[in-house]
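# Coordinates in review
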Amino acid sequence: MSTLEEPILEPPGAGLPEVELFFGRLIFALKCRTGSRGSFTAQFERERSEIRSLVDSCGEEQRSRRVLIPRLRGLEDSSRHWSVWMTLDHLRITNEAFSRVISSLVRGSLPEGVASTAAVKPDPAVGGEVDAMYEKSCDDLLSIIARAGDLRTELRYAHPWFGPLDASRWHALSAMHMGIHRAQIARILSAAH
């Protein structure tokens, strides 16, 4: 683990190794079958709380430092050289996207465009301003889930790795996604010491 300036990584949107993606799809499908709206919301809130504790445990200099970490399961290679603030920016971007998708599906309309992992990469120059924007994105997503009717929508919107998902599965994905990036922040902070 190092703080290399610009390591050579796979391009954004390159995806996951085939075997990992295969098992990731199976695990995701199982979690969707066995989980519930309440359990996914509780998982999202738990991960959010743990992320907050991790972020609060370090100073601004450490939050801003990009660190090259080993690739975690569920994390694209291009996402291995981020700072804590970059990770919060990515979560802000994706939480806003989850909110748009879930809102649209619940209203009975498809979101515009195509979901892309390359399109949700953070700004390398992001700073402390991202903290409040990240928290707002969490609040907004939880508010949309709380106000939504049935999340098991007939309409589906495709995720690039998991295929067409209804609003309930997008909700499940939002919770699992927070967990992947909570682990990433923990790894960044342990490597930055």
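Right, let's walk through the structure included here. (Residues numbered from 1 in each chain as written. Predicted model: local features only at pLDDT ≥ 70, side-chain atom pairs only at ≥ 80, totals over all residues. Heavy atoms only, no water.)

### A closer look at the side chain of histidine 90
Note the cut-off: Elements are defined by DSSP. Helices are runs of H or I of four residues or more, strands are runs of E of two residues or more, and each kind is numbered from the N terminus. Remark: exposure states derive from per-residue accessible area (1.4 Å probe, protein chains only) relative to the maximum for the residue type, with buried under 20%, exposed over 50%, and partly exposed in between. For this analysis, a polar contact is any N or O atom pair within 3.5 Å, provided that within protein one partner can donate a hydrogen and the other can accept it, and provided that sequence-adjacent residues contribute only side-chain to side-chain pairs. In this description, contact between two residues means that some pair of their heavy atoms is separated by no more than 4.5 Å.
Within the fold, histidine 90 resides in helix α4 (residues 84–107). Residue histidine 90 is classed as buried on the basis of its relative accessible area of 5%. In this structure the side chain of histidine 90 is engaged in a polar contact, spanning 2.7 Å, whose partner is the backbone oxygen of valine 120. In terms of polar contacts, histidine 90 uses its side chain to reach the side chain of histidine 181, at 3.2 Å. Excluding anything up to four places from it in sequence, histidine 90 contacts Trp82, Val120, Pro122, His177 and His181.

### A few points about the nonpolar core
To keep things clear, this is the line we draw: Put simply, buried Ala, Val, Leu, Ile, Met, Phe, Trp, Tyr and Cys residues joined by side-chain atoms within 4.5 Å make one nonpolar core.
Ranked by size, the top nonpolar core spans 43 residues in total, and within it Ile51, Leu88, Ile102 and Trp170 carry the most contacts. Those elements giving two or more residues to this core turn out to be α1 (18–34), α2 (37–56), α4, α5 (130–147) and α6 (167–191). Sorting elements by how many residues they give to this core places α6 first, with 10 residues. Once residues within four sequence positions are removed from consideration, isoleucine 102 is found in contact with Leu141, Ile144, Ile145, Leu151, Ala167, Trp170 and His171.

### With respect to the packing of α2 against α4
Each pair of packed helices can be summarised by the angle the axes make with each other and by the distance between the axes. Which entries qualify depends on this criterion: Note on method: axes are straight lines fitted to C-alpha atoms, helices fitted across the in-contact stretch only, with angles between N-to-C directions ranging 0 to 180 degrees. We call two directions roughly parallel when the angle between them is under 35 degrees, roughly antiparallel when it is over 145, roughly perpendicular when it lies between 65 and 115, and oblique otherwise. For any pair of crossing helices, the crossing counts as left-handed if the nearer helix is rotated counterclockwise from the farther one by less than a right angle, and right-handed if it is rotated clockwise. Amino acid classes used here: Ala, Val, Leu, Ile, Met, Phe, Trp, Tyr, Cys and Pro are nonpolar; Asp, Glu, Lys and Arg are charged; the rest, including Gly, are polar.
It is at 12 Å that the axes of α2 and α4 come closest, and there the two elements cross at 155 degrees. For the element pair α2 / α4, the angle class is roughly antiparallel. Handedness of the α2/α4 crossing: left-handed. Between α2, through Phe44, Ile51 and Val55, and α4, the contact on the second element is made entirely by Val84, Leu88, Leu91 and Asn95. Looking at the contact of α2 with α4 residue by residue, the class counts come to six nonpolar, one polar and no charged.

### Focus on α1
For the record, the criterion: Expected span, for any helix, means 1.5 Å times one less than how many residues it has. It is the directions from the helix axis to the C-beta atoms that the arc portrays.
With 17 residues, α1 extends 25 Å between its outermost C-alpha atoms, agreeing within 8% with the 24 Å of an ideal straight helix rising 1.5 Å per residue. Every buried residue belonging to α1 is among Glu20, Leu21, Phe28, Ala29 and Cys32, and all of these are buried. One side of α1 carries all its buried residues, which in axial view fall inside an arc of 165 degrees. In α1, the exposed residues that point more than 90 degrees away from the buried face are Val19, Leu30, Arg33 and Thr34.

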